[in-house]
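What the coordinates show
Okay, here's what each chain looks like letter by letter:
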Number of protein chains: 2
Amino acid sequence: MQTHFSLQAEIITIGDEILIGQIVDTNSAWMGQHLNAIGIWIHQVASIGDQREEILKALQNAGERVSLVFVTGGLGPTRDDITKQTICEYFDDHLERDENVYRHVEKLLGSRGIGMNELNQKQADFPSKATIVPNICGTAPGLRLEKDGTLYFFMPGVPFEMITMMEDQILPDLKVRFSLPAIRHKTIITQGIGESLLAEKLTNFEDQLPSHLSLAYLPEPGSVKLRLTAMGEDSGQLESDLESQATLIRNAAGEYIISEKGKRVEEELGILLKEKHATIAVAESCTGGYISHLLTSISGSSAYFKGGVVAYSNEVKTSMLDVNQGTLNQYGAVSREVAEEMVIGVKNRLKSDYAISVTGIAGPDGGSDEKPVGTVCIAWAFADKVYSECFHFGDHRDRNIKRASTAAMAFLLQAIRKQKSILC
Amino acid sequence: MQTHFSLQAEIITIGDEILIGQIVDTNSAWMGQHLNAIGIWIHQVASIGDQREEILKALQNAGERVSLVFVTGGLGPTRDDITKQTICEYFDDHLERDENVYRHVEKLLGSRGIGMNELNQKQADFPSKATIVPNICGTAPGLRLEKDGTLYFFMPGVPFEMITMMEDQILPDLKVRFSLPAIRHKTIITQGIGESLLAEKLTNFEDQLPSHLSLAYLPEPGSVKLRLTAMGEDSGQLESDLESQATLIRNAAGEYIISEKGKRVEEELGILLKEKHATIAVAESCTGGYISHLLTSISGSSAYFKGGVVAYSNEVKTSMLDVNQGTLNQYGAVSREVAEEMVIGVKNRLKSDYAISVTGIAGPDGGSDEKPVGTVCIAWAFADKVYSECFHFGDHRDRNIKRASTAAMAFLLQAIRKQKSILC
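Residues numbered from 1 in each chain as written. Chains lettered and ligands numbered in written order. Predicted model: local features only at pLDDT ≥ 70, side-chain atom pairs only at ≥ 80, totals over all residues. Heavy atoms only, no water.

Counting its regular elements, chain A contains 16 helices and 17 strands. Principal axes of the C-alpha set define a box for chain A whose edges measure 85 × 55 × 40 Å. Here chain A holds 424 residues, and the buried ones make up 57% of them. Long-range pairs, those at least 24 residues apart, make up 67% of the contacts in chain A between residues at least 6 apart in sequence. (Helix = DSSP H or I, 4+ residues; strand = E, 2+ residues; numbered from the N terminus. Buried < 20%, exposed > 50% of the residue type's maximum accessible area, 1.4 Å probe, protein only. Contact = heavy atoms within 4.5 Å.)

Take the nonpolar core next. Judged by nonpolar contacts, the single largest core of 44 residues is most densely connected at A:Val309, A:Leu321, A:Val346, B:Val309, B:Leu321 and B:Val346. If we ignore the near neighbours within four places in the chain, the residues touching A:Val346 are A:Ala281, A:Val282, A:Ala283, A:Val309, A:Leu321, A:Lys351, A:Ala355 and A:Ile356. (Core = buried A, V, L, I, M, F, W, Y, C linked by side-chain atoms within 4.5 Å.)

To continue, consider the domain arrangement of chain A. Each domain of chain A was delimited in the assignment, giving domain 1 (2–177), domain 2 (182–259) and domain 3 (265–423). Placing the centre of domain 1 of chain A and that of domain 3 of chain A at their C-alpha centroids yields a distance of 48 Å. (Domains from an automatic or database assignment.)

To continue, consider helix α7 (residues 159–177) of chain B. When the local axis directions of α7(B) are compared, the greatest deviation, roughly 50°, occurs at B:Met166. Listed in full, the buried residues belonging to α7(B) are B:Phe160, B:Glu161, B:Met162, B:Thr164, B:Met165, B:Met166, B:Ile170, B:Leu171, B:Asp173 and B:Leu174. (Bend = angle between axes of the 7 residues up to and from the residue.)

This part takes up the environment of B:Thr86. Looking at where B:Thr86 falls in the secondary structure, it is placed in helix α4 (residues 83–90). Expressed as a C-alpha distance, the spacing of B:Thr86 and B:Phe205, which sit 119 residues apart in the sequence, is 51 Å.

Restricting attention to buried positions, one finds in helix α13 (residues 314–321) of chain A the residues A:Val316, A:Lys317, A:Met320 and A:Leu321. For α13(A), the buried positions fall inside an angular range of 105° around the axis, keeping them on one side. (Arc of directions from axis to C-beta.)

Bringing the packing of helix α3 (residues 52–65) of chain B against α4(B) into the picture now. Residues and elements named next belong to chain B. The geometry of α3 relative to α4 is characterised by a closest axis approach of 10 Å and an angle of 50° between their N-to-C directions. Between α3 and α4, the angle falls in the class oblique. In the packing of α3 onto α4, the handedness of the crossing is right-handed. Of α4, the residues touching α3 (which contributes Arg52, Ile55, Leu56, Leu59 and Gln60) are Thr83, Thr86, Glu89 and Tyr90. Split into classes, the residues belonging to the contact of α3 with α4 amount to 4 nonpolar, 3 polar and 2 charged. (Axes fitted to C-alpha atoms, helices over the stretch in contact; angles between N-to-C directions. Parallel < 35°, antiparallel > 145°, perpendicular 65-115°, else oblique. Left-handed = near helix turned anticlockwise from the far one by under 90°. Nonpolar A, V, L, I, M, F, W, Y, C, P; charged D, E, K, R; others polar.)

For the coordinates displayed, the defined rule picks out 26 aromatic pairs over all chains. The interplanar angle of 70° and the centroid separation of 5.7 Å between the aromatic rings of B:Tyr90 and B:Tyr152 together place this pair among those described as edge-to-face. Residue B:Tyr90 is found in helix α4, and its partner B:Tyr152 is found in strand β8 (residues 150–155); the two are separated by 62 residues along the sequence. Judged by its relative accessible area of 9%, B:Tyr90 is buried. Taken together, a centroid distance of 5.3 Å and an interplanar angle of 40° make the contact between B:Tyr354 and B:Phe382 tilted. You can see B:Tyr354 sitting in strand β15 (residues 354–360) and its partner B:Phe382 sitting in strand β16 (residues 375–382), a full 28 residues away along the chain. The same class applies to B:Tyr354 and to B:Phe382, which are both buried. Put simply, the rings of A:Tyr354, A:Trp380, A:Phe382, A:Tyr387, A:Phe391, A:Phe393 and A:Phe411 touch in pairs and so form one group of aromatic residues. We note A:Lys147 situated over the ring of A:Tyr90; from NZ or CZ to the ring centre the distance is 3.9 Å. (Phe/Tyr/Trp six-rings, centres within 6.5 Å; stacked < 30°, edge-to-face > 60°. Lys NZ or Arg CZ within 6 Å of the ring centre and 35° of its normal.)

This next bit is on the side chain of A:Asn27. Position of A:Asn27 relative to the elements: it lies in helix α2 (residues 27–37). A:Asn27 has contacts with A:Thr72, A:Gly157, A:Pro159 and A:Met162, leaving out every residue within four places of it along the chain.

A separate point is the environment of A:Thr287. Residues and elements named next belong to chain A. Here Thr287 is to be found in the loop between β13 (280–284) and α12 (290–296). Along the sequence, Thr287 and Glu167 sit 120 residues apart, while their C-alpha atoms lie 40 Å from each other. Setting aside residues no more than four positions away along its own chain, Thr287 makes contact with Val358, Ile401, Ala404 and Ser405.

What follows is about the pairing of strand β3 (residues 68–72) of chain A. All names here are of chain A. Within β3, 5 of the 5 residues are buried, which leaves it mostly tucked inside the rest of the structure. Taken together, the 5 bridges between β3 and strand β8 (residues 150–155) define a ladder with parallel strand orientation. Paired with Val71 across the bridge in β8 is Phe154. (Pairing = 2+ DSSP bridges.)

Turning next to the state of the cysteines. A covalent bond between the sulfur atoms of two cysteines is what we call a disulfide. Residue and element names in this part refer to chain A. By the definition in use, this model includes 2 disulfides over all chains. Note on cysteine connectivity: Cys377 is disulfide-linked to Cys390, with sulfurs 2.1 Å apart. The S-S bond linking Cys377 to Cys390 shows a torsion near 105°; that makes this disulfide right-handed. With Cys377 in strand β16 (residues 375–382) and Cys390 in strand β17 (residues 385–392), the pair connects residues that are 13 residues apart, well separated along the chain. (Disulfide = S-S within 2.5 Å.)

Before going further, it helps to spend a moment on the pattern of salt bridges. Residue and element names in this part refer to chain B. The full count for this structure, using the stated rule, is 32 salt bridges over all chains. Two residues, Glu260 and Arg250, come together in a salt bridge whose shortest N-O distance is 2.6 Å. Remark: Arg250 occurs in helix α10 (residues 235–253) and Glu260 occurs in the loop between β12 (257–259) and α11 (265–275); sequence separation between them is 10 residues. When its relative accessible area of 24% is taken as the criterion, Glu260 is described as partly exposed. (Salt bridge = Lys/Arg side-chain N within 4 Å of Asp/Glu carboxyl O.)

Taken together, the 74 residues of chain B in the interface contact 74 residues of chain A. Buried surface at the junction of chain B and chain A, both sides included, amounts to about 6200 Å², of which 57% is carbon and sulfur. For the pair chain B and chain A, the number of links is 2 salt bridges. When the shortest N-O distance is used, the salt bridge between B:Lys306 and A:Glu315 registers 3.0 Å. With 8 residues, strand β2 (residues 40–48) of chain B is the single largest residue contributor to the side of chain B that touches chain A. Looking at the side of chain B that touches chain A, its residues break down into 30 nonpolar, 29 polar and 15 charged. Relative to β2(B), strand β2 (residues 41–48) of chain A runs antiparallel, the two being bridged by 5 bridges. (Buried area = accessible area lost by both parts, 1.4 Å probe.)

And the structure:
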């Protein structure tokens, strides 16, 4: 796919805090996404420490490979930020005070009741050859410099300062400066099928895929993301190419598709429930509130999510969800029978249109030969109907909780879609 | 601190999805943190695409600079993963089938009711010179290879597979293999104070800190992790250095300390409840099940966690938690009064010894001048006593949910600790 891109870039993030994992570098992901979206391919991302030699080497190497280099970090006022001096060295330049920036810093700090000290004053010193990219969110502006036909952008490491700079100034500048290819993505979320099985189902699809399109698999616990990318001249054509290819994926693996808009199952479920002006309630044992958390992670979910009961102990299953003690005794807490009584209980108690329930053994303890760790029973109910199924996931507690949660929502989602298509 | 480190490593993360920002590379941060913790300094992190030439170049360059290279990504079964073939090329090797891995994959997939297909079979093929690092969590194992005195570790890109491999096998292996400097960490979890305010309180502490110790701030939503690192020869001495320094931190900011063992608040709370053979129940509105999720993320939590009610709608607050309609009308759902009735309701209904409740406006909608987005009321109850407080967090929905959840647990934790110290 890379070969389609005429314009290639590299990203360099500077800071020891990245190397020792004190912070996760989210800047390069943001830049990659937004540069890629306008047709610039990121050839490499490099994170390096706050050392002069490292910075010089990184600038040198990137400049030899690509014609665009984006650098974040090391532009703050504190003494461990040696980037500006190193930039001067690399571009054979010297620092000069910029009066506009000086007044901007003075004003900004003044508004916070802070006076100018020596450190702040230094923030107005820049390589004389640099074009200054104003920073409306902070004190340290960005810099644009050129060397041997490569364009370098230096930005602060603070994410929202970098993002504002890119959105308001650098990305528009790049669109004007270069004639960029059109590029479009389509992200399809699948669930209930592993990466390798899905790949098997899509073998023929991949064989026929036109060369200006590409498919990537992005596995996550309990779900596989498919990213279809199209690149060319005519963006309208690319859109329709993606649509017709998506149809082929639908034909090959439609029953596993949760979303063709890259939305998570809780988002798609929420959209559907909103459309139907319907409500949902959740009864959770082994998922321990995670389904409720995912549903309420969507803003506006109060429109359809009434609430839930986390019935971790059997006592709570009987007292709050009206599960019969007899059913618990006869079938055990992890059984289709109990899952069904849980889902009926929460649907009645919370007076919701739809409901889901999960009971299982997340692990690592609590397993038996008959019901090993990872055994999970899921039930979903609507319109006086109750459905349930039991599964065996894995041995990993955290993963079992996540997989059971997304699976439960996926079953209800697909059931509502079927119901919908019957009604239509 | 870098100068203390004799052994240097580089990290290479492979995958177009990283370059186009479809996923944030959290693997390198995790590896950086944990390698650094055993005395290995990360010299550089490079993220590259799924292209043969790029992989070859990256392996070559890293090998020239450092004696340890950690590579993640590109070991899955699907066709966009070309790493294994490229490894053969780089190490001048060929693929051979490993019968043990073949049986492992067969067994793992079998347990999920999946048969072997051609793609899965390929997962058992490896460079003949490679030492296989088993993957207990997934189908693709890790590989260890050596070239020109540099040791290369190849791991899957799926974070929890990489983490398990590193924790169980690679990190212990490295500790044996190399004479690493004695290095000790003490991680102190604080809550209820921002990074900059905490740093201010610790200014004098940092000034007196001996040069062989260092302090790192790792801020997370609602909590700041302090990592105190000591490096030298005599590990016993380092331990006692850490303890005496920890005492100084306790003197400067003790009231904010949740854990001195690096445990999250839900872990510390669980330990305390287990000690007391006591139980807990949770009533959640705006946190939407996240507190229950955190409490049940700890294995063995069924010993003390009875369950909870997610009362997202007022209707559920009255029907499932016995909140008075009058209280809702008079004070509104987001009020100390409602929080207190919620906590009493859940404590009585679920018959628990301790209980916490949260009601608030997570946002982005639902705010008013009187009660803006981020207003959260928290109550905690035990021994016939009820306590409550209201706060204003921020505008960010996800952060508000996380901060309110950890704050609620922290209040109960501190209250139980006080109660304990009174009894003792």
